[in-house]
Structures are given as structure tokens and as C-alpha cells.
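The primary structure of each chain is shown beneath.
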Amino acid sequence: MKIVPISLPTPFYIGPVNVYLIPEDPVTLIDTGPKTKEAVDTLRAALRANGLAVADIRRIVLTHAHEDHCGLARALRDEAKDAEVLVHGWETGHRAGRLEYDETRQLLVRAGVPPDEVEVMRRMYGGVREYADSLDEDHCGELTDEAELEFDTGVLQVVHTPGHTPGSCSFIRHADRTLIAGDCVLKRITPNPVLSPDPVDRSRRFRSLAEYLVSLARVRALAPTLVLGGHGDAVHDYEELFNRYLRAIRERQEQIIRIVSAKGASAWDVSRTRVLGVSEAVAHLDYAHSEGKLALEISDGREVYRKLSE
Ligand SMILES: [Zn+2]
Ligand SMILES: [Zn+2]
């Protein structure tokens, strides 16, 4: 079973996205690229180079529903009549482009983001949403953990690897322990857990960093020999990357605890001082709190973290 990497251009800061073609029955595309002319033209050329056309695609599998990965899913599905689209059920919040406005707004306000900044972010997300057609429930089949995707000459097994988003999935070929990992494992950057409502209780926040650490450990237990990520080069030494990620996460946590220790801070305050995203600040504060390293109180509808009194 051949896995053909295809690099597609994106208009995003992260640069090109990797999608993966399995050019055998049923012809399958793992991720699709964003909804841009450049991406679809590049994809068509790559399919042609493999003796295929969009019409031959029978199955579209999404690692997660960010625009750079899922943007073309709807259009490709429509062109390849009756191609199946598969995505994990926990990805609902992201499926219709970015998260619904109200849910995101509540999460941002609780994280201490001022209203005018929430508005700036909303406009930004509005722009990003242009790069994906929304996928309704009835367009999608559901990926479930440990399910098998069968091909003529091989099998990929679904590994639910939440963290970057709640419904992020990876796919392993056990025969040679090759893992297709979406944005769960990226060679050059530590993936950023994105602020999301909890898929089970949408009034709560998804505990992205804690989930992510479990996913990284789970991938480690699979002992992959090759990891094909959503961006950048393939990873041959997962163990090295795993240790690097853990170190980076631990260092970041120490910095954040130092900031909070001074006089108490919201995720927004932390994101201001360290020039890191609000999502990342929230993820770290949640995690430090769950580890009992920080206290949390609600003040004026905002979550304020403090050093535990000794
Ligand atoms: Zn992503
Ligand atoms: Zn991505």
C-alpha cells in the first residue's frame, strides 16, 4: 500500500499543508488542503501524476477540521460523486469552519479577553472561514478510535489523538509502523492546542493540553518508525521529538507560573506578557491548575489564576 505525500500551498502563516493520497482501491485522500484555486490546482496535478482525477476519489478522511486540512472536502466530495467523508465526532465544533461565535466568545471572555479584542479575533476567524466550505452532519461519516480503514493491499487503523483539536485523529499502518499524524506531531513546531469547547459538555472548555500529553504518550507506545505530519518534513525519530515537546511544555509552564505568581493573572494577561496565543495560555493554565500548581478564582466573570498560598 503506497502512501503518497502531496504538499499544497496555503494562505496561512504556517505555510504549505501535507495531504496524503492512497492511490489504490478505494482511492483515499487524507486531508484536502484549503479552499483556494492554488491548492486545488496543485492537488489536481498531483492526482494526474498518479494517473488519477478528483472523480476517482472514493474516500476523504480528515485528521481534523481546520481550514488548511478540510477546506476542499466539500467541493471534492461533490465533484467525486458520493465520495465518503470521514471525520471524528468530537470535531463538530470545528466542522462548520471555525467554532460558532457564541461559544468561542464565552470562552474568550472567561479567559479575560477584553470585548474589543474579542471582536478583532472574531473578524480574523471570519476571514479564515472563507477557506473552507462547511460540512454538515449528513455529509460526514464518523471516524472512531481503533476503527480500520481497509484498502486493496493494506489497512490503516484510526488512533484518536485529541489535543490540537478534540477530534484530531492519526492513522497507523502497523505493518511498518508508519503514522499519519495531522497536526498532532509536527517536526519544527510544538503544535498549539486550540481553544475549544468540550465536545461532551459544550459549556466547558476542552482540556486540550492534558489530552494532548496523553495523545503524545499514546503515539509513543505505538513506537512509530516514520511520522507523516500535517506540515513540514516527516519525523524519523519520534522519541527525540517527544522528549523535546515535553521539555518545551515544561519550560513554558514554569514561565507561566512565574508570571502568575507575581500578582495573579488571567489567560489574557499571560498572553500579553509572553507574546503567546490566548489558546496556548489557557491550555497551560488549565493544565497547571489540574496539576495543583495554581489556584483559580472567578472575578467579574473572568478566570484569574494565582499562586497557591504556601
Ligand atoms: Zn490544525
Ligand atoms: Zn494544520
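These remarks concern the structure in this document. (Residues numbered from 1 in each chain as written. Chains lettered and ligands numbered in written order. Predicted model: local features only at pLDDT ≥ 70, side-chain atom pairs only at ≥ 80, totals over all residues. Heavy atoms only, no water.)

Examining the sheet that holds strand S10 (residues 178-182)
Here comes step 1: Read across the open sheet, the five strands follow the order S7-S8-S9-S10-S11; overall the sheet is mixed. Each having just a single partner strand, strand S7 (148-151) and strand S11 (226-229) make up the two edges of the open sheet. Here the average twist between neighbouring strands, direction ignored, is 20 degrees.
Here comes step 2: Summarising the sheet, strand S9 (residues 169-173) and S10 pair through three bridges and their orientation is antiparallel. Considered in S10, the bridge of Arg-173 is made with Thr-178. (Pairing = 2+ DSSP bridges. Helix = DSSP H or I, 4+ residues; strand = E, 2+ residues; numbered from the N terminus. Axes fitted to C-alpha atoms, helices over the stretch in contact; angles between N-to-C directions.)

Brief notes about the sheet that holds strand S3 (residues 28-30)
Sheet strands associate in pairs through backbone hydrogen bonding, adopting either a parallel or an antiparallel arrangement.
Here comes step 1: With mixed pairing, the six strands of this open sheet are ordered in space as S1-S2-S3-S4-S5-S6. Edge strands, defined here as strands with exactly one partner in the open sheet, are strand S1 (4-8) and strand S6 (140-143). With strand direction ignored, the average angle separating the axes of adjacent strands in the sheet is 25 degrees.
Here comes step 2: Bridge count between strand S5 (residues 84-88) and S6: four bridges; the pairing is parallel. In the strand pairing of S6, Val-87 is matched with Glu-142.
Here comes step 3: Across the sheet, helix H1 (residues 37-49) touches S1, strand S2 (17-22) and S3, and the angle it forms with S1 is around 155 degrees. (Contact = heavy atoms within 4.5 Å.)

Observations regarding the packing of helix H8 (residues 238-263) against helix H9 (residues 267-274)
A pair of packed helices can be characterised by two numbers: the angle between their axes and the separation between those axes.
Here comes step 1: Following both chains from N to C, one finds H8 and H9 inclined at 115 degrees, their axes separated by 10 Å at the closest point. Looking at the two axes, H8 sits roughly perpendicular to H9. Along this stretch, H8 crosses H9, giving a crossing that reads as right-handed. Seen from H8, the contacting residues are Gln-255, Ile-256, Ile-259 and Val-260; seen from H9, they are Val-270, Thr-273 and Arg-274.
Here comes step 2: Within the contact of H8 with H9, the residues separate by chemical class into four nonpolar, two polar and one charged. (Parallel < 35°, antiparallel > 145°, perpendicular 65-115°, else oblique. Left-handed = near helix turned anticlockwise from the far one by under 90°. Nonpolar A, V, L, I, M, F, W, Y, C, P; charged D, E, K, R; others polar.)

What about the coordination of the zinc ion (ligand 2)?
Here comes step 1: Binding of the zinc ion (ligand 2) to the protein goes through Asp-68 (OD), His-69 (NE2), Asp-183 (OD) and His-231 (NE2), at separations of 2.1 to 2.5 Å.
Here comes step 2: For the zinc ion (ligand 2), the single-chain donor residues occur in sequence as D-H-x113-D-x47-H. (Donors = N, O, S within 2.8 Å, 3.2 Å for Na, K, Ca; no water.)

What is shown is where atoms sit, not what they do.
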